[in-house]
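# Working through the structure, step by step
The residues making up each chain are set out below.
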Amino acid sequence: MQDMPKLFIIHYSLFTFANANEQNLTAQLRDIKPLLEIPDYSFYLYWGLIGFFALLGFGILFFVAKKFWENRKVNLAKMYLERLKQIDWEDSKHAAYEATKYARLLTTDERRKELFSQLEPMLEQYKYKKVVNEVDQQTLNQFHLFVRIADESI
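Along every chain, residues carry numbers that run from 1 in the direction the sequence is written. In view of the model being predicted, local features appear only for residues whose pLDDT reaches at least 70, and side-chain atom pairs are presented and counted only at 80 or more, with totals across whole chains, interfaces and linings using the full set of residues. Heavy atoms throughout the structure, all of them, feed into the side-chain values; hydrogens and water do not.

Moving on: the overall build of the chain. Check the secondary structure of the chain and you find 5 helices and 0 strands. Helix and strand assignments follow DSSP, with helices taken as H or I runs no shorter than four residues and strands as E runs no shorter than two, numbered in order from the N terminus. Ordered by position in the sequence, the α and β elements of the chain form the string α-α-α-α-α. Residue burial is assigned from relative accessible area. The probe radius is 1.4 Å, only protein chains are included, and a residue is buried under 20% of its type maximum, exposed over 50%, and partly exposed in between. When burial is assessed residue by residue, the chain has 21% of its 154 residues classed as buried. Note on contacts: a residue pair is in contact if any heavy atoms of the two residues lie within 4.5 Å. Partitioning the contacts of the chain with sequence separation of at least 6, the portion at a separation of at least 24 is 61%. For the chain, the exposed area adds up to about 12900 Å²; of that, 62% sits on carbon and sulfur atoms. Computed by Shrake-Rupley with a 1.4 Å probe, the accessible areas treat only the displayed protein chains as cover when residues are assessed.

Within this document, salt bridges are pairs made up of a side-chain nitrogen of Lys or Arg and a carboxyl oxygen of Asp or Glu, the two lying within 4 Å of each other. Enumeration over the complete set of coordinates arrives at 4 salt bridges. Across the pair R104 and E120 runs a salt bridge, and its minimum N-O distance is 2.5 Å. One end of the pair, R104, is in helix α3 (residues 92-106); the other, E120, is in helix α4 (residues 110-124), with 16 residues separating them in the sequence. By relative accessible area, which is 44% here, R104 ends up partly exposed.

Only rings of Phe, Tyr and Trp enter the pairing, Trp through its six-membered ring, and a pair is recorded when the two centres are within 6.5 Å. The plane angle decides the type: under 30 degrees is stacked, over 60 is edge-to-face, the rest tilted. Inspection of the entire model under this criterion finds 9 aromatic pairs. Aromatic pair F52 and F53: ring centres 5.4 Å apart, planes at 65°, arrangement edge-to-face. Overall, the relative accessible area of 52% leaves F53 in the exposed class. Put simply, the rings of F43, Y44, Y46 and W47 touch in pairs and so form one group of aromatic residues.

Before going further, it helps to examine a negative patch on the surface. Residues enter patches when they are more than 30% accessible in relative terms and free of salt bridges; like-charged ones are connected within 9 Å and nonpolar ones (Val, Leu, Ile, Met, Phe, Trp, Tyr) within 5 Å. Counted charges follow a simple rule, with Lys and Arg positive, Asp and Glu negative, and His plus the chain ends left uncounted. Charged side chains are reduced to one point each, which is NZ for Lys, CZ for Arg, CG for Asp and CD for Glu. Taken together, the side chains of D88, E90, D91 and E134 make up a negatively charged region of the molecular surface. Residue position: E90 is located in the loop between α2 (42-85) and α3.

This paragraph deals with unusual backbone geometry. Not every positive phi belongs to a glycine, and Y128 is a case in point at roughly 65°. Locating Y128 in the fold gives a position in the loop between α4 and α5 (137-153). What makes Y128 exposed here is its relative accessible area of 59%.

Our next topic: the packing of α4 against α5. The axes used here are C-alpha line fits, helices contributing only the stretch in contact, and every angle between their N-to-C directions lies in the interval 0 to 180 degrees. Interaxial distance between α4 and α5 falls to 10 Å at its minimum, and their mutual angle equals 155°. Taken together, the axes of α4 and α5 are roughly antiparallel relative to one another. Here α4 and α5 pass one another in a crossing that is left-handed. On α5, the residues that touch R111, R112, L115, F116, Q118, L119, M122 and L123 of α4 are Q138, T139, Q142, F143, L145, F146, I149, A150 and S153. Each angle gets one of four labels, with under 35 degrees taken as roughly parallel, over 145 as roughly antiparallel, 65 to 115 as roughly perpendicular, and the rest as oblique. Should the near helix be turned anticlockwise from the far one by less than a right angle, the crossing is left-handed, and should it be turned clockwise, the crossing is right-handed.

Moving on: the environment of Q86. Tracing the backbone shows Q86 in the loop between α2 and α3. For the pair Q86 and A99, spaced 13 residues apart in the sequence, the C-alpha separation amounts to 9.9 Å.

Further remarks concern the nonpolar core. To form a nonpolar core, buried Ala, Val, Leu, Ile, Met, Phe, Trp, Tyr and Cys residues must be joined to one another through side-chain atoms within 4.5 Å. L84, I87, W89, A99, L106, F143 and F146 are the most contacted members of the largest nonpolar core, which has 24 residues in total. Elements that contribute at least two residues to this core include exactly α2, α3, α4 and α5. If near-sequence neighbours (up to four positions away) are discounted, L84 is found in contact with A99, Y102, A103, L106, F143, F146 and V147.

Right, dumping it as structure tokens:
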């Protein structure tokens with residue numbers, strides 16, 4: 001039983017030592033300054049990069065679509081030219097309508113507009129009538145000149 005007070009004293013001294021250490025730590029912790037607010041722009045940077053790449057993607061998509069659209073127009077012009085070359089002049093009335101339609105679609109510059117303005121009155125005499133004559137050589141020559149000029153510019 002005598003050992004009991006010694007055990008109690010050892011235990012008490014350890015408890016006091018631990019308590020003193022705890023008080024010492026709290027005293028040290030009170031000496032620490034509060035946390036500083038560090039500005040964080042990562043959220044704005046994240047959305048800014050997403051916006052930038054989205055705009056970049058839309059820009060690239062726009063220019064690619066524009067390029068395809070321009071190529072499509074060139075292909076339409078080539079198709080109209082092929083249709084002009086394939087006109088069957090045996091049926092004068094139908095050929096005059098077809099030549100007028102596709103030649104009008106191909107008139108985009110001044111030279112072709114001038115040739116078309118000369119060709120159109122020649123083709124008018126084969127349209128709007130029930131019975132028409134065969135296409136004369138002067139009209140065919142003017143038509144072939146128009147086709148040759150259109151072919152050179154396309």
